[in-house]
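Listed below are the residues making up each chain.
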Amino acid sequence: METRPGSAQPKSADMSDTEMLHFHAALSQAAGQVETVMDALLPQPETRIMEAMRYAALSGGKRMRAFLVMESCTIYRVPEKQAARIASAVEFIHAYSLVHDDLPCMDDDDLRRGKPTVHVKWDEATAVLVGDALQTLAFETLTAPQTAPDANTRLRLIRSLAQASGSMGMVGGQGFDIEAERASAQLSVEDITELQSLKTGQLFRWSAEVGPVVANLDPSPMAEYARALGLAFQVWDDVLDVEGDPAKAGKRLRKDASAGKATFVALLGLAGAKQHANALVDLAIAALDRFGSPAENLRRAARFSINREG
Ligand code: IPE
Ligand code: IPE
Ligand code: MG
Ligand code: MG
Ligand code: MG
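Residues numbered from 1 in each chain as written. Chains lettered and ligands numbered in written order. Predicted model: local features only at pLDDT ≥ 70, side-chain atom pairs only at ≥ 80, totals over all residues. Heavy atoms only, no water.

1. Things to note about the site of ligand 1
Moving on, step 1. Within the structure, ligand 1 sits among Gly61, Lys62, Arg65, His94, Leu98, Arg113, Thr200, Phe233, Gln234 and Asp237.
Moving on, step 2. Interatomic distance of 2.6 Å between a side-chain N/O atom of Lys62 and an oxygen atom of ligand 1.
Moving on, step 3. In this structure, Arg113 approaches ligand 1 through a side-chain N or O atom, which is 2.8 Å from an oxygen atom.
Moving on, step 4. Listed by contribution, the elements that provide at least two residues to the shell around ligand 1 are helix 4 (80-101) and helix 10 (220-243).
Moving on, step 5. Examining the composition of the shell around ligand 1, we find that 3 residues originate from one element, helix 10, more than from any other.
Moving on, step 6. Tallied by class, the residues present in the shell around ligand 1 amount to 2 nonpolar, 4 polar and 4 charged. (Near = heavy atom within 4 Å. Polar contact = N/O pair within 3.5 Å; in protein donor to acceptor, adjacent residues only side chain to side chain. Helix = DSSP H or I, 4+ residues; strand = E, 2+ residues; numbered from the N terminus. Nonpolar A, V, L, I, M, F, W, Y, C, P; charged D, E, K, R; others polar.)

2. Some words on the nonpolar core
Moving on, step 1. Membership of the largest hydrophobic core comes to 92 residues, with the highest contact counts inside it found for Val118, Leu134, Leu161, Trp206 and Tyr225.
Moving on, step 2. In terms of residue count, helix 10 provides more of this core than any other element does, 12 residues in total.
Moving on, step 3. In contact with Tyr225, other than residues within four places in its own chain, are Leu68, Ala208, Ala284, Ala287, Leu288, Leu298, Ala301 and Ala302. (Core = buried A, V, L, I, M, F, W, Y, C linked by side-chain atoms within 4.5 Å. Buried < 20%, exposed > 50% of the residue type's maximum accessible area, 1.4 Å probe, protein only. Contact = heavy atoms within 4.5 Å.)

3. Here we look at the environment of Ser167
Moving on, step 1. With respect to the secondary-structure elements, Ser167 resides in the loop between helix 7 (151-165) and helix 8 (170-182).
Moving on, step 2. Distance from Ser167 to Lys199, taken between C-alpha atoms, is 9.9 Å for residues 32 residues apart in sequence.

4. Some points on the site of ligand 2
Moving on, step 1. Near ligand 2 the following residues occur: Ser97, Leu98, Asp101, Asp107, Arg112, Met170, Gln174, Lys199, Gln234, Asp237 and Lys251.
Moving on, step 2. Side-chain polar atom of Asp237 to an oxygen atom of ligand 2: 3.1 Å apart, as the coordinates give it.
Moving on, step 3. Starting from 390 Å² of accessible surface for ligand 2 in isolation, the protein chains cover 87%.
Moving on, step 4. Listing elements by their share of the shell around ligand 2, those giving two or more residues are helix 4, helix 8 and helix 10.
Moving on, step 5. Sorting elements by how many residues they give to the shell around ligand 2 places helix 4 first, with 3 residues. (Areas by Shrake-Rupley, 256 points an atom, 1.4 Å probe, with all protein chains shown as cover.)

It is worth stressing that arrangement in space is one thing and function is another; only the former is reported here.
What follows is the structure in structure tokens.
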């Protein structure tokens, strides 16, 4: 097995070129499927807001959350058409979170997915409204019978997505992230873990739990996997901020330290953060033991989360 430069021996999270190819093939297949559905669900670009919604939701993005939904649904035998609508909903929420995350009052970024951010290409008011409208589109998508024929299932999806996105979920984590920038003392490992499991982890968890939630089965094994994966994913985002290539990341890097962001890199240094991310990936993979080979793509997703360059 080939290993990353500088690593003396293979770690369980290392990925061979072949494995990376398999993962990219599966990811782009899921992304294509979900993007077709997103395209159909988004309004035609009749107004400025509608045009900017399509731009924010459809131009680029790895579609990791969509991938988790699709894989979770495969394992739990949820029909693909339903899965793709549910995956669209979480990608709309994620796209909204990025549009707002980039605003001048938040992280103040002018580049996202390799293109100008919505408030730069249009203006701030448009970016705020685009985020709002993508969020409502996510919930509207979940209300339709094509998403799940059973109304109770739809209600469970809507309620859980609202919780994962709101003040006790992603928004709560974003609030914590901004507050931490202004705090005088450095956050502890526990605090940063809490912050990141809210701002990034909750949407990952929701996505991975869709299969068991729709099948009305216990979601805890998927939750255990996604909790570790979501954290590893955000720790790696923070590592890339320090040593990534902006052209590959498609966004501005080298900003977290000067903004005073609370990250594992700030607390543990690069090597410590990488070690932490590796341990999280091991945990994520261990949580999948009971699923056997149908979970191979989810294991690859975990390794990818800390082998990616963007
Ligand atoms: C970026 O998420 C924000 C974080 C939670 C780190 P992604 O890295 O999944 O962004 P896209 O969707 O691929 O652009
Ligand atoms: C954002 O985290 C997480 C969200 C909930 C949007 P970051 O602020 O680190 O994400 P990037 O680096 O801008 O993509
Ligand atoms: Mg941010
Ligand atoms: Mg940001
Ligand atoms: Mg970041």
